[in-house]
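# Coordinates in review
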Amino acid sequence: MAQSGPTLHYSGHQYLRHRLVLSILSGKPVKIDKIRPEDKNPGLTDYEVSLLRLLERVTNGTIIEISLTGTAILLKPGIIAGGPVTHECPLSRSIGYFLEPIIMIAPFAKKPLQLTLRGVTTDDYDLSADLIRTVTLPHLELFGVSDGLELRIKKRGSPPGGGGEVQFLCPVVKQVKTLNFVDAGKIKRIRGIAHAVRVSPQFSNRMIEACRSIVNRYIPDIYLYSDVYKGEESGKSPGYALTLLAESTTGAIHCSEAVSQPGIAPEDVALTATRALLAEIRKGGCVDQKHQSMVLLMMVLGSEDVGRCRMGEFTPRTIQFLRDVRDFFGTSFKIVPADPSDPSSRELQLSCYGTGYINTNRSLA
Amino acid sequence: LQSRQNRKRDWTKLIYSSQLTPQQILHDDSQSTNDDKANEEDEEFFTVKSRNFLTEDDEVLDMTKEVTREEDLKEWEDEDLLDSLRKCFITGGGGE
């Protein structure tokens, strides 16, 4: 959006990504200072600079000023352009780091985004390509962003060598739908993807077996897929991971993932992932904990109607996001316990009045 | 003390009108009432505390996945806990 409002001011490198996203969506410039001023490597890191470059290319007319020391940035957002973009991600972070903010802005672009990202596809810090494909995109579909929404994993890339490649296709929408999701339902199936690259393909079967030893007791509908990538497609470094998701009768999805580490057996990786999934299921709510902020953002942008969503316990990121979204859009949520009668329940029901955000970038058809 | 007992925390107020950091809101369950008071009555005490929290979290990466701690997952070795989760599945019977 071309309009400019008052500049918002933040300090610190934390929560950089969602602040940049909010700035671009709201059209309000944002200034962030005191980025690691005391660190022995002060200022922006390579991946943060790379993210800024990527945002610059996905948008049109965005002005980014970085101070000499790199400890302060000023972003004046332009319009979200979309179209074909290719970006090399530094190997210090996985492509999830870059894709997560892009997913939040891509539906509001002028043209459908076709983004190719190269780098690490799975790591311990951010959503892996598998999680984004199987969990994040369904969460986006709740808001009516669905036709042509796709993530293709062309090549896998484990840290530290990377060498993976994904292609993200996102349609544009005029407006997102209002969400009304308060019934979490019951888990009806469990799905999983075990992948192993540049190690014995037997590793994914061992992970699947270990996972089944725990979840078989709950439900018969379990399908764990062993995803094989060979040769060029398997990237430059060895690695394996297990991605799990549990889907409920109402379409709520909870997920977990564990990634290989040196000296840890595939069975233990699988147990970590499985237990993390159970912990996530116990937290409850209708959306996965790692996707709270994205869902909240889309609720804020929804049509001028009251959106409701039931969530498990907040993460620190979610709390900061709630505060920041109020700074940018003036929307605050009403947060009440989901089951007032049950004192042991920690689930919350959030509701807000959508801002009726309209995609003005979209070329009129 | 009262708000500690009934655990019904006013999230709207904690998030929108307190100065607590997100970490404080989440982890300081027992102290939150004290902090609230400190916030109202004693500005100085509060600033010192928040600075401590900041330095602690300074090295935290901007990451989406929560750090999974092995200790936290240890509890899932317990069969009773595993069974208690059955109610979340369609196969777990109708009642609750």
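Residues numbered from 1 in each chain as written. Chains lettered and ligands numbered in written order. Predicted model: local features only at pLDDT ≥ 70, side-chain atom pairs only at ≥ 80, totals over all residues.

## Quick look at the sheet that holds strand 15 (residues 253-259) of chain A
Residues and elements named next belong to chain A. One open sheet holds the four strands; their spatial order is 13-12-14-15, and the pairing between them is mixed. One side of each edge strand has no neighbouring strand; the edge strands of this open sheet are strand 13 (222-227) and strand 15. Across the sheet, the mean angle separating the axes of adjacent strands is 15° when strand polarity is ignored. Each of strand 12 (187-197), strand 14 (239-248) and strand 15 touches helix 6 (residues 266-283); the most contacted strand, strand 15, lies at about 155° to it. (Pairing = 2+ DSSP bridges. Helix = DSSP H or I, 4+ residues; strand = E, 2+ residues; numbered from the N terminus. Axes fitted to C-alpha atoms, helices over the stretch in contact; angles between N-to-C directions. Contact = placed C-beta atoms within 7 Å.)

## Things to note about the nonpolar core
Membership of the largest hydrophobic core comes to 120 residues, with the highest contact counts inside it found for A:Phe98, A:Ile105, A:Met207, A:Cys211, A:Leu242, A:Ala273 and A:Met298. If we ignore the near neighbours within four places in the chain, the residues touching A:Phe98 are A:Leu51, A:Leu54, A:His87, A:Cys89 and A:Leu117. (Core = buried A, V, L, I, M, F, W, Y, C linked by C-beta atoms within 7 Å. Buried ≥ 20, exposed ≤ 12 C-beta atoms within 10 Å, placed from the backbone.)

## Looking at the UniProt feature "domain: RNA 3'-terminal phosphate cyclase" (unreviewed entry) in chain A
UniProt marks residues 9-335 of chain A with the feature "domain: RNA 3'-terminal phosphate cyclase" (unreviewed entry), using the numbering shown here. Overall, residues 9-335 of chain A shows 32% helix and 28% strand. The separation of its end C-alpha atoms is 26 Å. (UniProt positions renumbered as here; feature names shortened; annotations may be inferred.)

## A short note on the interface of chain A and chain B
How large an interface is tends to be reported as the accessible area lost when its parts come together. The interface is formed by 39 residues belonging to chain A together with 27 residues belonging to chain B. Counting only elements with at least two residues in the side of chain A that touches chain B, the list comes to helix 1 (16-26), helix 3 (95-105), strand 12, helix 6, helix 8 (316-329) and strand 17 (334-337) of chain A. It is helix 6 of chain A that contributes the most residues to the side of chain A that touches chain B, seven residues altogether.

## Examining the environment of A:Glu233
Residue and element names in this part refer to chain A. Within the fold, Glu233 resides in the loop between strand 13 and strand 14. Accessibility expressed as a C-beta count within 10 Å gives 16 for Glu233, which makes it partly exposed. When the C-alpha atoms of Glu233 and Val197 are compared, they prove to be 8.9 Å apart, with 36 residues separating the residues in sequence.

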